[in-house]
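Listed here are the chains, written in short residue letters.
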Protein chains: 2
Amino acid sequence: MIIDCHGHYTTAPKALEDWRNRQIAGIKDASVMPKVSELQISDDELRESIEANQLKLMRERGSDLTIFSPRASFMAHHIGDFNVSSTWAAICNELCYRVSQLFPDSFVPAAMLPQSPGVDPKTCIPELEKCVKEYGNVAINLNPDPSGGHWTSPPLTNRAWYPIYEKMVEYDIPAMIHVSTSCNACFHTTGAHYLNADTTAFMQCLEGDLFKDFPTLKFLIPHGGGAAPYHWGRFRGLADMMKKPKLDDHLMNNIYFDTCVYHQPGIDLLTTVIPIKNILFASEMIGAVRGIDPYTGHYFDDTKRYIEGAKHLSAESRHAIFEGNTRRVFSRLDAQLKAKGK
Amino acid sequence: MIIDCHGHYTTAPKALEDWRNRQIAGIKDASVMPKVSELQISDDELRESIEANQLKLMRERGSDLTIFSPRASFMAHHIGDFNVSSTWAAICNELCYRVSQLFPDSFVPAAMLPQSPGVDPKTCIPELEKCVKEYGNVAINLNPDPSGGHWTSPPLTNRAWYPIYEKMVEYDIPAMIHVSTSCNACFHTTGAHYLNADTTAFMQCLEGDLFKDFPTLKFLIPHGGGAAPYHWGRFRGLADMMKKPKLDDHLMNNIYFDTCVYHQPGIDLLTTVIPIKNILFASEMIGAVRGIDPYTGHYFDDTKRYIEGAKHLSAESRHAIFEGNTRRVFSRLDAQLKAKGK
């Protein structure tokens, strides 16, 4: 079984974006704020948006199941206040839940949170609980920078985030640390802000001692861990200078990297440097990079090929990356699969 | 000949830091602002600070010449106003110049600029001209984020930066794109801010068309290019989606990466993915990571060993990385060396 642990609903029907634009207009002019009930998307529209896109590519490429969360760049937590984020998160999470109900063998939902800059993270807990208990979500996406590129929140090791972590531990769900769109002109969203956030989150964890307080907390750092694996020697050296334990002990019982690295040499490095138990298959398909690599003739984001092409990996390692590690980290997914006899 | 294109004066006598602290105190209380003449560092003190540190390690490791600029984390352009930065840059540049005069075979200077957040970059030109004309500087360090982690300046492709680029082209000097200390708690200086800035600068260039306006402009992106080589497929794919030319044509006649990547697999990836002509030897010694790698028994930042250990590199490629490329990119250095018959 091949599980893609990082997929977003980037192909939602246009009505969603239209409703969001009306909501954004409503921030300035309450008279045009739309009601939630004005957003109408039928099951057929959902089916079509998935069958023609993610599901088609999953079948072509041979992956079985995708952990599916709302479109990352559309979370845009910097827009409006908590109420705006709360309404928007509820809508997006419900859509991913409905997709998971329409395609129960192919999609399992992960939740976005109604974060808002300067608002206490614990305000996200009711949405988190609903998504886990009522919608069967197996993970959350946690945005370390709800400001969208201004980085005004405290580091992830700060106690302000602890209420979220307490709930994650209680439900044994991992968080993918994933920023949203950048509203800072310096940072291109998918080419800089995403990768910078990955590196930043990793280094925040290295600097702190978060996993002493939460030994079972699990963070998935997407996009192959940003710059971390490429600079693994730098990070090992910094840990040494800061008198931290070795990275294997300090971080690697709690931090995982996905395989959203879109060329063979990158995947070769990732799977050489990082312990196999910490690597989870993902493609972020359909996501940041949608074209075909002229050097290979295949989609850049068809990362399954790179795992298969990494010659040093044993069959056992590939199985761990494709399925075993993900079932271990996303324990609620594992329980759901076992209940289905899988 | 082995040229290290990225060294900072991180070991300057303590009097420098003491003077800087008095200057910082003087920002709030003008009555305690020190005079420049109150900073007294003798040639013997300079010699000692270099001989016991950088020069000792250069001899041990077998590199011949270092392009030497003021300590990056101490540039701290966010402190004070233009006058504060201007005085500080002049002091730091003069010290690197004096080091180059004391050790003319081992050090050649590169200048920091008196940048200040929100101040027109063209105010840096007098210091730049002095450093090139009077001090024999062969390059500048350009900080894309003088705010120190708040990223309030426009992207490097913005016309606000063009006066600097015009001077760089006039003198045929490259700029190393190097931020300074982070005053944003989210970003660890050497573990996140530096690497993020490298990735950000690369992506800014990818998004824009700067090198159409300045076909001979040269940017050195340090720390192995941040996350760029590891995610080279992502960047090739993004260029394709943005209808930009191939990276080789769009950026790689103008952008260079150094080899400050502190483990063998990282250097192997860098030298596999990036054209050899775009890779310049550097160690950033004595810099961010000062310890010994327990896995190898050698200093993390002894990057010469990794170039020598990259089995796929030919003797010709190693020569290009160690000397040839650097003499081509730093043409004023090449002219200085040729004038000495080297």
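Structure first, text after, so check above.
Computed from a predicted model, the values in this text were never measured in an experiment.

Parameters and conventions
Residues numbered from 1 in each chain as written. Chains lettered and ligands numbered in written order. Predicted model: local features only at pLDDT ≥ 70, side-chain atom pairs only at ≥ 80, totals over all residues. Heavy atoms only, no water. Contact = heavy atoms within 4.5 Å. Buried area = accessible area lost by both parts, 1.4 Å probe. Salt bridge = Lys/Arg side-chain N within 4 Å of Asp/Glu carboxyl O. Polar contact = N/O pair within 3.5 Å; in protein donor to acceptor, adjacent residues only side chain to side chain. Least-squares fit on C-alpha atoms with pLDDT ≥ 70 in both. Pairing = 2+ DSSP bridges. Helix = DSSP H or I, 4+ residues; strand = E, 2+ residues; numbered from the N terminus. Axes fitted to C-alpha atoms, helices over the stretch in contact; angles between N-to-C directions. Buried < 20%, exposed > 50% of the residue type's maximum accessible area, 1.4 Å probe, protein only. Core = buried A, V, L, I, M, F, W, Y, C linked by side-chain atoms within 4.5 Å. Patch = residues over 30% accessible without salt bridge, like charges linked within 9 Å, V, L, I, M, F, W, Y side chains within 5 Å. Areas by Shrake-Rupley, 256 points an atom, 1.4 Å probe, with all protein chains shown as cover. Phe/Tyr/Trp six-rings, centres within 6.5 Å; stacked < 30°, edge-to-face > 60°. Lys NZ or Arg CZ within 6 Å of the ring centre and 35° of its normal.

A. Quick look at the interface of chain A and chain B. Contact residues are listed per partner, giving 57 residues for chain A and 57 residues for chain B. Interface area, chain A with chain B, both sides summed: about 4700 Å², of which 63% is carbon and sulfur. Residues Arg236 of chain A and Asp293 of chain B are paired through a salt bridge, measuring 2.8 Å at the closest nitrogen-oxygen approach. The tally of links from chain A across to chain B stands at 18 residue pairs in polar contact (both at pLDDT 80 or more).

B. Just the relation of the copies chain A and chain B, in detail. Once chain A is rotated about the relating axis by 180° and shifted along it by 0.0 Å, it coincides with chain B to within an RMSD of 0.0 Å. Here the symmetry operator amounts to a two-fold rotation axis. Counting the interface residues of chain A, we find that 100% of their copies in chain B are interface residues as well, pointing to one common contact surface.

C. Geometry of the sheet that holds strand 2 (residues 65-70) of chain A. Residues and elements named next belong to chain A. Ordered in space as 1-2-3, the three strands form an open sheet in which the pairing is parallel. Every other strand in the sheet has two partners, leaving strand 1 (3-9) and strand 3 (107-109) as the edge strands with one partner each. This sheet shows a mean twist of 35° between the axes of neighbouring strands, independent of strand direction. Here strand 2 runs beside strand 3; their pairing, made up of three bridges, is parallel. Bridge pairing in strand 3 places Thr66 opposite Phe107. The sheet contacts of helix 14 (residues 315-329) involve strand 1 and strand 2, and relative to strand 1 the element is tilted by about 75°. Helix 15 (residues 331-339) contacts strand 1, strand 2 and strand 3 of the sheet and is inclined by roughly 130° relative to strand 2.

D. Region of the structure containing the pattern of salt bridges. Residue and element names in this part refer to chain A. Evaluated as defined, the whole model comprises 42 salt bridges over all chains. The partner of Asp213 in a salt bridge is Arg159, with the nearest N and O atoms 3.5 Å apart. Residue Asp213 is located in helix 9 (residues 210-213), and its partner Arg159 is located in the loop between strand 5 (140-142) and helix 7 (162-171); the two are separated by 54 residues in the primary sequence. Of the charged contacts, one joins Asp302 and Arg305 as a salt bridge, the two residues approaching to 3.0 Å between their closest N and O atoms. By relative accessible area, which is 8% here, Asp302 ends up buried.

E. Representation of the side chain of Thr303 of chain B in the model. Within the secondary structure, Thr303 of chain B is located in helix 13 (residues 303-309). Once residues within four sequence positions are removed from consideration, Thr303 of chain B is found in contact with Thr259, Cys260, Val261, Tyr262, Phe281, Ala282 and Ser283 of chain B.

F. Up close: helix 7 of chain A. All names here are of chain A. Judged by how many residues are buried, helix 7 sits mostly within the fold: seven of 10 residues are covered. Of all the residues in helix 7, the buried ones are Tyr162, Pro163, Ile164, Tyr165, Lys167, Met168 and Tyr171. Note on helix 7: the residue one or two positions beyond its end, Asp172, has a positive phi of about 55°.

G. Local environment of the nonpolar core. Of all hydrophobic cores here, the largest spans 162 residues; its most connected members are Tyr165, Phe202 and Phe219 of chain A together with Tyr165, Phe202 and Phe219 of chain B. In this view, Tyr165 of chain A contacts Leu142, Leu156, Leu210, Phe214, Leu217 and Phe219 of chain A; residues no more than four positions away in its chain are not counted.

H. Looking closely at a nonpolar patch on the surface. Taken together, the side chains of Ile24, Ile27 and Met33 of chain A present a nonpolar region at the surface, about 210 Å² in accessible area. Residue placement: Ile24 of chain A occurs in helix 1 (residues 14-28).

I. A look at the packing of aromatic side chains. Residue and element names in this part refer to chain A. Counted under the stated rule, the structure contains 30 aromatic pairs over all chains. Joined through ring pairs, the aromatic side chains of Tyr162, Tyr165, Phe211, Phe214 and Phe219 make up one cluster. Taking the ring centre of Phe74 as reference, the NZ or CZ of Arg71 above it sits at 4.3 Å.

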